[in-house]
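Take a look at the letters that make up each chain.
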Amino acid sequence: MIRRTEYPRPQFIRRNWINLNGRWRFAFDDHDRGRQEAWYRDKTRYNRTIEVPFVFQSALSGIGEREFHDIIWYQRDFEVERNADQRVILHFGAVDYEADVYVNEGHVCHHAGGHTSFEADITDHLLPGGRQTVSVRAWDPGRDESIPRGKQFWEEKSRGIWYTASTGIWQTVWLEVVERQHIRQLYLTPLYDEGKIKAELEMASLCESLALDYDISFRKEIIAAGRVEVFSSKVSFVADLFQEHIFRMNYHGESWAWTPETPNLFDLRLTLRGPNGILDEVSSYFGMRKIETKAGMVYLNNMPYYQKLVLDQGYWKEGLLTAPSDKDYAKDIRLAKEMGFNGCRKHQKTEDPRFLYWADMLGYLVWGECAAPAVFNRNSAERLMTEWKDILRRDYNHPCIVTWVPVNESWGVPDISFDRRQQHFSQALYHYLHTLDPTRPVISNDGWAATETDIVGIHNYAHGRKGERERQQYFEDTLSSRENLIRRHSSPWPVFAEGFSYGGEPILLTEFGGIAYDVSGESGWGYTSVETEQDFLQEYQRIMEAVCRSKALWGYCYTQLTDVEQEINGLLTYDRRPKCDPAGIREINHTYHASVVE
């Protein structure tokens, strides 16, 4: 049974595709002999099978071994039908960390970056008719700390805040058959104040008499349509969504805008036509929303908006980085919303596009983060920049993403507080993300030692335990005003790095809480602990009351949504069972701060 059968790229859908998930031949290559001995030609080298897209360290892979194997190989056969003029594109959702892909006996592509998608045109490597073979060599050196790996530990046994490593294919593999002339890339930018959408497209190839038709629907009614003549590989158009539609005049745009409370989406259909008919058809969607910071606040659709986020590590007990099913993404979001959160900070992981799809559909803010390296050097800097380029290329269109977080707690830039070179790198990331995406705020270094930043994200676990009055008072005092928030050291380092200072940016408490409550009978840790459900709710209320009394904070991110391995500080267990009635958490969260501030 193939577990992950859904279309893997929900904002760029073609109807005809072939899912290559399921059982593949598999082998460890601990002595790095595979390329020299041409394992891509030899099926006898594969002595195991694995269930793709689950990494061999996970139970769902069918292997479940946690030892390091830095080089692994995959192989499977497939069949594909096409006519002589069509191209076959092979897609990989994500392979950790580097991948070399072979089709039959030819090398078709190399990709570096463990969290981002890539593809290859494999047409010229296909054999005439019959069965084809794809082989993948994945390289993920477990002890190389310059690789952006996030929470994946560089030791074999997880401990502390570090979790089991993931190596190899961990998102869907699939094929598409397309015409030579097809749409390669789509960027959608809402022009919220104008009531328009800007579309920018890249074409794979050109021919004479190309035209692009588009139609845009809202609640199944076509509201805009048009045709654009295609004369170059880059095409753009701007569509007026409302024109004479009266619903544009509704207050705050609640009848058409995208928010967590009203996740309205527009459907987009693109049809590329040539002289002999249709060449390509793509379906997509977008949300009309605007996110910005000004006057010390965060604004969503021109209204001040208080963010109630939860830290989400994106790990599953049986699948590690890969959710067992598409429904599991929706379940996480629904449970978080049932508890009164309006979004998450997806922590040290660039999540599967299917999660972002459900966040778009259900109305759930997402802070997009990238897995960090542990050290700073030339390799780590280059690798992180490359990863971010690919992240923005893939995820730019999702309305749910409202903030980019390129650095967390100085991971990968440990001396940023005083080292000018590492500060330059942080500033470079900040400006690079703004260059590629001018529509979203960017946090330079979440937690402390910020450089240039649009939001000041502060981490503070100094709330102590119930009954520790001095620590409780200290916690409340540090949150009470902007001056106290900025003045207190959030770690050994101050909130701003040397040479940088507060400039009136919105301040959010982006990590706190971490109440450990063990309901699974497994030992673990948290920042404070309780023994009963009643104590859990009381402790949550105690901490949340202190946070919400602050007149200076513009939102929070509670640690965390689920238990993960040895961490038992989740609101849910590792297998997603609520530790208390979600309505109890919701009542506390809704006692303070409406999301939209009138």
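Sequence order sets the numbering: in each chain, residues are counted from 1 along the sequence as written. In view of the model being predicted, local features appear only for residues whose pLDDT reaches at least 70, and side-chain atom pairs are presented and counted only at 80 or more, with totals across whole chains, interfaces and linings using the full set of residues. Remark: hydrogens and water are excluded; side-chain values derive from all non-hydrogen atoms of the structure.

Quick look at the overall build of the protein
The condition is simple: In DSSP terms, a helix is any run of H or I states spanning at least four residues, a strand is any run of E spanning at least two, and both are numbered starting from the N terminus. What the globule rule says is 2.2 Å times the number of residues to the power 0.38, and the radius of gyration is computed from C-alpha atoms. Relative accessibility decides the category of a residue: with a 1.4 Å probe and only protein chains considered, values under 20% of the type maximum give buried, values over 50% give exposed, and everything between is partly exposed. Each accessible area is a Shrake-Rupley result for a 1.4 Å probe, and residues are judged covered by the shown protein chains and nothing else. A positive count includes Lys and Arg, and a negative count includes Asp and Glu. His and the chain ends are not counted in either. Just so you know, the charge point we use is NZ for Lys, CZ for Arg, CG for Asp and CD for Glu.
Across its full length, the protein holds 8 helices and 31 strands. The globule rule puts the C-alpha radius of gyration for 598 residues at 25 Å, and the 25 Å found for the protein is close to it. Projecting the C-alpha coordinates of the protein onto the three principal axes gives extents of approximately 75 × 65 × 50 Å. A total of 598 residues make up the protein; the buried ones form 63% of that total. Element-wise, carbon and sulfur atoms account for 47% of the exposed surface of the protein, whose accessible area totals about 23,500 Å². Both charge centroids of the protein, one from 70 positive and one from 88 negative side chains, sit 1 Å from each other.

Focus on the packing of helix H5 (residues 469-479) against helix H7 (residues 533-548)
The cut-off we apply is this: Axis lines are fitted through C-alpha atoms, for helices just across the contact stretch, and the angle between N-to-C directions can take any value from 0 to 180 degrees. For classification purposes, an angle smaller than 35 degrees is called roughly parallel, one larger than 145 roughly antiparallel, one from 65 to 115 roughly perpendicular, and anything else oblique. Whether two residues are in contact is decided by their heavy atoms: any pair within 4.5 Å suffices. For this scheme, ten residues count as nonpolar: Ala, Val, Leu, Ile, Met, Phe, Trp, Tyr, Cys and Pro. Four count as charged, namely Asp, Glu, Lys and Arg, and the remainder, Gly too, count as polar.
Where H5 meets H7, the closest approach of the two axes is 8 Å, and the angle between their N-to-C directions is 30°. The pairing of H5 with H7 is recorded here as roughly parallel in orientation. Residues Gln-472, Phe-475, Glu-476 and Leu-479 of H5 touch H7, and the partners they reach there are Arg-542, Ile-543, Ala-546 and Val-547. When its residues are assigned to classes, the contact of H5 with H7 shows 5 nonpolar, 1 polar and 2 charged.

Considering the pairing of strand E23 (residues 307-312)
Consecutive side chains along a regular strand alternate between the two faces of the sheet. As a reminder of what qualifies: Note: two strands are recorded as paired if DSSP finds a minimum of 2 bridges between them.
The element E23 is extensively covered by neighbouring structure, given that 6 of its 6 residues are classed as buried. Of the two faces of E23, the one carrying Gln-307, Leu-309 and Leu-311 and the one carrying Lys-308, Val-310 and Asp-312 are both buried. As defined by bridge partners, E23 adjoins strand E31 (residues 553-558) across 4 bridges and the pair is classed as parallel. Bridge pairing in E31 links Val-310 to Tyr-558. The pairing of E23 with strand E24 (residues 343-346) spans 4 bridges and is parallel. Across the sheet, residue Leu-309 finds its bridge partner in E24, namely Gly-343.

Observations concerning the packing of helix H3 (residues 378-395) against helix H4 (residues 420-436)
Heads up, the condition is: Helix crossings get a hand from a simple test, with the near helix turned counterclockwise from the far one by less than a right angle marking a left-handed crossing and a clockwise turn marking a right-handed one.
Relative to each other, H3 and H4 sit at 15°, their axes nearing to 11 Å. One finds that H3 runs roughly parallel with respect to H4. The way H3 lies across H4 gives a crossing that is right-handed. In this structure, H3 contributes Arg-378, Ala-381, Leu-384, Met-385, Trp-388, Lys-389 and Leu-392 to the contact, and H4 contributes Arg-421, Phe-425, Leu-429, Tyr-432, Leu-433 and Leu-436.

Quick notes on the packing of aromatic side chains
Put simply, the rule reads: Only Phe, Tyr and Trp rings are paired, with Trp represented by its six-membered ring, and only when their centres lie within 6.5 Å; those with planes under 30 degrees apart are stacked, over 60 edge-to-face, the remainder tilted.
Applying the stated criterion to the full structure yields 39 aromatic pairs. Aromatic pair Trp-162 and Trp-411: ring centres 5.2 Å apart, planes at 40°, arrangement tilted. Taken as a pair, Trp-162 in the loop between strand E10 (132-139) and strand E11 (168-169) and Trp-411 in the loop between strand E26 (401-405) and H4 lie far apart in primary sequence, 249 residues in all. Assessed through its relative accessible area of 18%, Trp-162 is described here as buried. Judged by its relative accessible area of 16%, Trp-411 is buried. On the basis of an interplanar angle of 35° and a centroid distance of 5.3 Å, the ring pair of Tyr-517 and Phe-536 is categorised as tilted. Of the two residues, Tyr-517 is situated in the loop between strand E29 (515-516) and strand E30 (528-529) and Phe-536 in helix H7; the sequence distance between them amounts to 19 residues. Ring pairs connect the aromatic residues Tyr-192, Phe-218, Phe-242, Trp-256, Phe-266 and Phe-286, which therefore count as one cluster.

Brief notes about the sheet that holds strand E20 (residues 291-294)
With antiparallel pairing, the 3 strands of this open sheet are ordered in space as E20-E21-E22. For this open sheet the edge positions go to E20 and strand E22 (303-304), each flanked by a neighbour on one side alone. The pairing of E20 with strand E21 (residues 297-300) spans 4 bridges and is antiparallel. Bridge pairing in E21 places Thr-293 opposite Val-298.

Concerning the environment of Gln-86
Our working rule: For this analysis, a polar contact is any N or O atom pair within 3.5 Å, provided that within protein one partner can donate a hydrogen and the other can accept it, and provided that sequence-adjacent residues contribute only side-chain to side-chain pairs.
By secondary structure assignment, the location of Gln-86 is in strand E5 (residues 86-92). Expressed as a C-alpha distance, the spacing of Gln-86 and Glu-179, which sit 93 residues apart in the sequence, is 4.5 Å. Ignoring sequence-local partners within four residues, the contact set of Gln-86 consists of Thr-123, Val-177, Val-178 and Glu-179. Side chain to side chain, Gln-86 and Glu-179 meet in a polar contact 2.9 Å long.

A few points about H4
Counted only if it meets this: By this rule, a helix spans an expected 1.5 Å times one less than how many residues it contains.
End to end, H4 covers 24 Å across 17 residues, agreeing with the expected 24 Å (1.5 Å per residue, within 8%). Buried within H4 are the following residues: Gln-422, Gln-423, Phe-425, Ser-426, Gln-427, Leu-429, Tyr-430 and Leu-433. In this structure Asp-419 caps H4, since a side-chain oxygen of it lies 2.8 Å from the backbone nitrogen of Arg-421.

Considerations on the sheet that holds strand E13 (residues 183-191)
The strand order across the open sheet built from 3 strands is E13-E14-E17, with neighbouring strands paired in antiparallel fashion. Two strands in the sheet have a free side with no partner beyond their single neighbour: E13 and strand E17 (234-240). The average angle at which neighbouring strand axes cross in this sheet is 15°, direction not considered.

Description of the confidence of the model for the protein
Threshold: pLDDT gives the predictor's per-residue confidence on a scale running from 0 to 100.
Within the protein, residue pLDDT values average 94, and 98% of them lie at 70 or more. With pLDDT under 50 throughout, residues 249-253 is counted as low confidence; its partners more than four residues away or in other chains account for 6 contacts.

Let's talk about the side chain of Ser-135
Position of Ser-135 among the secondary structure elements: in strand E10. Judged by its relative accessible area of 0%, Ser-135 is buried. Excluding residues that lie within four positions of it along the chain, Ser-135 makes contacts with Tyr-40, Tyr-46, Tyr-74, Gln-75, Asp-100, Val-101 and Tyr-102.

Things to note about the pattern of salt bridges
Note the following rule: We define a salt bridge as a contact between a side-chain nitrogen of Lys or Arg and a carboxyl oxygen of Asp or Glu at a distance within 4 Å.
Tallied over the entire structure, the rule returns 46 salt bridges. The salt bridge involving Asp-332 is made with Arg-576; its shortest N-O contact spans 3.0 Å. Residue Asp-332 is located in helix H1 (residues 326-338), and its partner Arg-576 is located in the loop between E31 and helix H8 (582-591); the two are separated by 244 residues in the primary sequence. With a relative accessible area of 5%, Arg-576 lands in the buried category. Linked by salt bridges that have partners in common, Arg-9, Arg-14, Glu-176 and Asp-280 make up one network.

Here we look at the pairing of strand E14 (residues 196-203)
In E14, alternate side chains face the same way, and those of Ile-197, Ala-199, Leu-201 and Met-203 are buried while those of Lys-196, Lys-198, Glu-200 and Glu-202 on the opposite face are not. Counting the residues in the hairpin turn of E13 and E14 gives 4 residues, including Gly-195, whose phi is positive at 70°. The pairing of E14 with E17 spans 7 bridges and is antiparallel. Along E17, the bridge assignment pairs Lys-198 with Val-238.

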